[in-house]
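Fold and contact review
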Amino acid sequence: MLESKMKWVLHKVENIPEIELPFSNVIKRMLVKRGINTTEKANQFLHASLDDLHDPFLFTDMEIAVQRIRKAIEHNEDILIFGDYDADGVTSTTVLVKTLRQLGANVHYYIPNRFTEGYGPNEDAFMEAHKAGIDLIITVDTGIAAPNEARLAKQLGVDLIITDHHEEQDEIPEALAIIHPRLSESYPFDYLAGVGVAFKLAHALLGELPEELLALAAIGTVADLVPLKDENRIIVRKGLEVLKNTNDAGLKALKTIGKIDDQVTEESIGFIIGPRLNAVGRLQDATLAVDLLLEDDDFIAADMAQEIDELNKKRQKIVSNLVEEAVDEIESKFANDKVILIAREGWNPGVLGIVASRIVNQYHRPTIVLGIDPEKGEAKGSARSIPAYDIFNNGMKLRHLFLQFGGHAQAAGMTVAVDQIDELRQALNEQAKELLTEEDFQPVLEVEDEISWDEIDFNFPRQLTHLAPYGMGNEKPYFQLNGLTLIEARKIGAKKNHVKISALNGAEKIDMVGFQIGDVADYLSPGSLIDVVGEIEINEWNGQQKLQLKLKDIRCLETQVFDYRGKKLEYLNLPKDAIAISFKGDISHIDLKVLDYTKVKNNLSEYIQDYSKIVFVDLPNTLEDLEEILKIKLFKNVYACFQNEDDQFFTSRPSREHFKSLYKTLTQHKIISERQKSQLAQAKGWHIKQLEFMLQVFFELNFVTMKNGDIQLNSNVEQQPLTNSKTYNEQLQKIEVEKTLFYSTYDELKRWFMENMQPQSKEGEVVHGL
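Residues numbered from 1 in each chain as written. Predicted model: local features only at pLDDT ≥ 70, side-chain atom pairs only at ≥ 80, totals over all residues. Heavy atoms only, no water.

**Some thoughts on the sheet that holds strand 3 (residues 106-110)**
Hydrogen bonds along the backbone pair up the strands of a sheet, which may run parallel or antiparallel. Stated precisely, the cut-off is as follows: Strands pair, by our definition, only if DSSP identifies at least two bridges between them. What counts as a helix is a DSSP run of H or I of at least four residues, what counts as a strand is a run of E of at least two, and both are numbered from the N terminus. Geometry is summarised by axes, namely lines fitted to C-alpha atoms with helices restricted to the contacting stretch, and by angles between N-to-C directions that run from 0 to 180 degrees. Between two residues, a contact is recorded if the distance between any of their heavy atoms is within 4.5 Å.
Spatial strand order, 3-2-4-5-6: 5 strands in an open sheet with parallel pairing. Looking at strand neighbours, the two that pair on one side only are strand 3 and strand 6 (177-179), the edges of this open sheet. This sheet shows a mean twist of 20° between the axes of neighbouring strands, independent of strand direction. When strand 4 (residues 134-140) meets strand 5 (residues 159-163), the two strands line up parallel, connected through 5 bridges. The residue bridging Val140 from the neighbouring strand is Thr163, located in strand 5. Its contacts with the sheet put helix 3 (residues 62-74) on strand 2 (78-82), strand 4, strand 5 and strand 6, and the angle it makes with strand 4 is roughly 140°.

Dropping the structure here:
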């Protein structure tokens, strides 16, 4: 057996909807799960138009905001865009700066420094803006958690417009206008990113939809991991088209440095553009990122993009080092915590969100990672969580233990007093103990559909692109195929950390590749039935195309028999959590716990009951010995490492005719001396071992006596069957053991093991079926 690494959650639709489109039934079932069950709805979803975007004036305070901004432009007032240092904040800032410049405004922008100012508006920055003559501050992607700064702005006589999408807290800031999806009852969509809200304000100000800004809106939307449905889906889908053909110097430079060709997808943003824009604010002032997106000169933009790329490489190295340090600390101090909270001096707060994400991926537990500032006595950092634990709502219940706190259900940022860290850790773990079950800590793999391979063809991967962009709320589809017969699983790659698998679906061969899961090859044996989950794609090699499954996870629900017969034990990659059995008592040449069967056979159940994997390092004396072991429990994996140095099957298998011939020779000669044995064996064409075996059988049956090495036939001997000889019976048993366990085919060997575990196996299958 091989258990899946994740818990598979299958979202299956039994009925195929009446959708009249040239798509496979799998695609139609996908549409139903997205709430689309008619041809009209399907066309609207698949061919969404910019005309389907909502009216920006549905925001409660949009009219107030637009009128105030237009007044500022008309009176030459100075406007400050107050942004944030992540990709969403940077693109939000750029969208409004470009829009206001187009309208002729005196516009400036300000991105707070992550390290010296932290997240969101702060009083010092507002004071400086007032001193600089700023009349109107517009926040983008921030501000909803800044009631104190809003009060200060009012006291200073500076009008404040807040545009944000983050979780609102207990006190809503008192501002001239607040443009926030969830705080506008009349606005029909709650999940815009910060840049989506800024884009709406730009649309309202310009009086027409600014298509040229859609690429920026798409970047911020994808990078901020908001649900890609409704308006966000349209923004990203259309924004990717703009990004593909953009003439914007900054965006072109980012595409060039990231080696993005004409195939621009949401993954181009998520894995290439977004991380680079985020890297700037993680390591320094984020102004460089905004400057790049505002730059018109191609050569200057290329230099800026190169600088940003170098920062991203530096960020990657820092993250790698911090993750290693964090894992060491977890293993040594907090390995059993349900919520991981680690803090250390010298950790860069700018990258701790990424570090927290990596730790969640590894341990699948809510994680907070803090960098300690010893001078201030404060620790600042980020949290990431698992689906079962809302880090924002649960954090808000412990708000008194934070100096600052804000975020979403799965991510948050915070500042904590150093002397409160231990108390916070304890409180979080006590809270999680009440809320979470062991099942909540298992990674979840959302499975789009269980399919049959004959439901898809070469058009299927292309059809999938019509449902893109994929992301939060419109997850990339992973498909489950069951009951495939494994042909081969082998490790590939320089580090052998990937796997190439081939299997049969009926008579059709399916090729699969899995990245970073090469270890599964050690736990799969040919002929086993496997279930797999993965992405369906087209693999092109040497001009030939074929369908391929890119593996996400794999499992085998049946007992597997691994055929390692005759192989040197020291070269085998045997599981460390297995128990080994030796029938010959040789327990010195294997790095596992090995039991000497002859010493423990009477209490064997006590020794092996807790093990699910068993290794047999040599052949048993009888099949019954092995059968008794297999009756104890259903083993998940059986490793047949039988060695056969004393071969009986081929070298010592005399027939009854051999015995008759030897008896006849003895009656003729009466005595055979020791020195005549080899001559006799040679004359008869026997192996010397065969002759010695037959003589031993005759001795046990009292047919002969042995004196000084000479063999003498006894007279007047009562005839007996050969089976009355202990040696003869043992040899027959050894031959049967070798025939069954060593010289059988793999299919015969596996069948024998399964038949002898059959009662337990049937019971296991029923339990799984439940």
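**Description of helix 6 (residues 147-156)**
Going by this rule: The buried label goes to any residue with under 20% of its type's maximum accessible area, the exposed label to any with over 50%, and the partly exposed label to all in between, with areas taken from a 1.4 Å probe on protein chains only.
For helix 6, the complete set of buried residues consists of Pro147, Glu149, Ala150, Leu152, Ala153 and Leu156. As for helix 6, its buried residues are in contact with helix 5 (123-131) and strand 5. Gly157, located one to two residues past helix 6, shows a positive phi value of around 80°.

**Quick notes on the nonpolar core**
This is how the line gets drawn: We call a set of buried Ala, Val, Leu, Ile, Met, Phe, Trp, Tyr and Cys residues a nonpolar core when their side-chain atoms join them within 4.5 Å.
Counting 97 residues, the largest nonpolar core has Ile69, Ile79, Leu100, Ile138 and Val355 as the members making the most contacts within it. Examining the composition of this core, we find that 12 residues originate from one element, helix 13 (residues 298-334), more than from any other. The contacts of Val355, once residues within four sequence positions are left out, are Val319, Leu322, Val323, Ala326 and Val369. In this structure, Val26, Leu46, Ala468 and Val520 belong to the second largest nonpolar core, which totals 41 residues.

**Quick look at the confidence of the model for the chain**
Using the following cut-off: Every residue carries a pLDDT, the predictor's confidence in it, which falls somewhere between 0 and 100.
Mean pLDDT over the chain works out to 92, with 97% of the residues at or above the 70 mark. Across residues 760-770, confidence stays below pLDDT 50; counting only partners more than four residues off in sequence or on other chains, it has 9 contacts.

**Overview of the sheet that holds strand 22 (residues 613-616)**
Spatially, the 5 strands line up as an open sheet ordered 19-23-22-20-21, and their pairing is parallel. Each having just a single partner strand, strand 19 (560-563) and strand 21 (593-596) make up the two edges of the open sheet. Averaged over all pairs of adjacent strands, the angle between strand axes in this sheet comes to 20°, irrespective of strand direction. With 4 bridges connecting them, strand 20 (residues 579-582) and strand 21 associate as parallel partners. Looking across to strand 21, one finds that Ser582 is bridged to Asp596. The sheet contacts of helix 25 (residues 746-756) involve strand 19, strand 22 and strand 23 (637-640), and relative to strand 19 the element is tilted by about 140°.

**Considerations on unusual backbone geometry**
Most peptide bonds adopt trans geometry, and most residues besides glycine take a negative phi value. For the peptide bond that leads from Ala468 to Pro469, omega is 5°, which places it in the cis range. Phi at Lys259 takes a positive value of approximately 55°, unusual for a residue other than glycine. Mapped onto the secondary structure, Lys259 falls in the loop between helix 10 (249-257) and helix 11 (266-283). With phi around 55°, Asn716 is a residue other than glycine that occupies positive phi space.

**Quick word on the pattern of salt bridges**
Heads up, the rule is: Between Lys or Arg on one side and Asp or Glu on the other, a salt bridge is scored when a side-chain nitrogen of the former is within 4 Å of a carboxyl oxygen of the latter.
Evaluated as defined, the whole model comprises 39 salt bridges. Asp422 is the partner of Arg425 in a salt bridge, and the nearest nitrogen-oxygen pair spans 2.9 Å. Here Arg425 and its partner Asp422 are both found in helix 16 (residues 421-435), 3 residues apart, which amounts to about one turn of the helix. The exposure class of Asp422 is exposed, given its relative accessible area of 56%. The closest approach of N and O atoms between Asp511 and Lys546, which form a salt bridge, is 2.7 Å. With Asp511 in strand 16 (residues 508-514) and Lys546 in strand 18 (residues 544-555), this pair connects stretches of sequence that are 35 residues apart. By relative accessible area, Asp511 is classed as buried at 11%.

**Considering the layout of surface pockets**
What counts is decided by this rule: Note on definitions: the grid is 1 Å and covers protein atoms alone; a cavity is a set of points where a 1.4 Å probe fits but cannot get out; a pocket is an open set with protein on both sides within 12 Å along at least five of seven lines; lining residues have an atom within 4 Å of a point. Grid points are joined across faces, edges and corners, and a volume is the space filled by probe spheres set on the points. We call Asp, Glu, Lys and Arg charged. Ala, Val, Leu, Ile, Met, Phe, Trp, Tyr, Cys and Pro are nonpolar, and the rest, Gly among them, are polar.
By volume, the second largest pocket amounts to about 880 Å³. In terms of lining, the second largest pocket is formed by 26 residues, of which the most central are Thr265, Glu266, Thr465, Ala468 and Tyr470. The residue makeup of the lining of the second largest pocket, split by class, is 11 nonpolar, 4 polar and 11 charged.

**Points about helix 13**
For clarity, the threshold we go by: Given the number of residues in a helix, its expected span is that number minus one, multiplied by 1.5 Å. N or O atoms within 3.5 Å of each other form a polar contact, as long as, within protein, one can give a hydrogen and the other can take it, and as long as residues adjacent in sequence are counted only when both atoms are side-chain atoms.
The terminal C-alpha atoms of helix 13, which comprises 37 residues, lie 50 Å apart, in line with the 54 Å expected from a rise of 1.5 Å per residue. N-cap assignment for helix 13: the residue whose side-chain oxygen lies 2.9 Å from the backbone N of Phe299 is Asp297.

**Structural notes on the pairing of strand 3**
In plain terms, the rule: A clockwise path from the first strand over the helix to the second, with the strands pointing away from the viewer, defines a right-handed crossover.
As defined by bridge partners, strand 2 adjoins strand 3 across 5 bridges and the pair is classed as parallel. Bridge pairing links Ile79 to Val107 in strand 3. Following the chain from strand 2 across helix 4 (residues 87-102) to the adjacent parallel strand 3, one finds a crossover that is right-handed.

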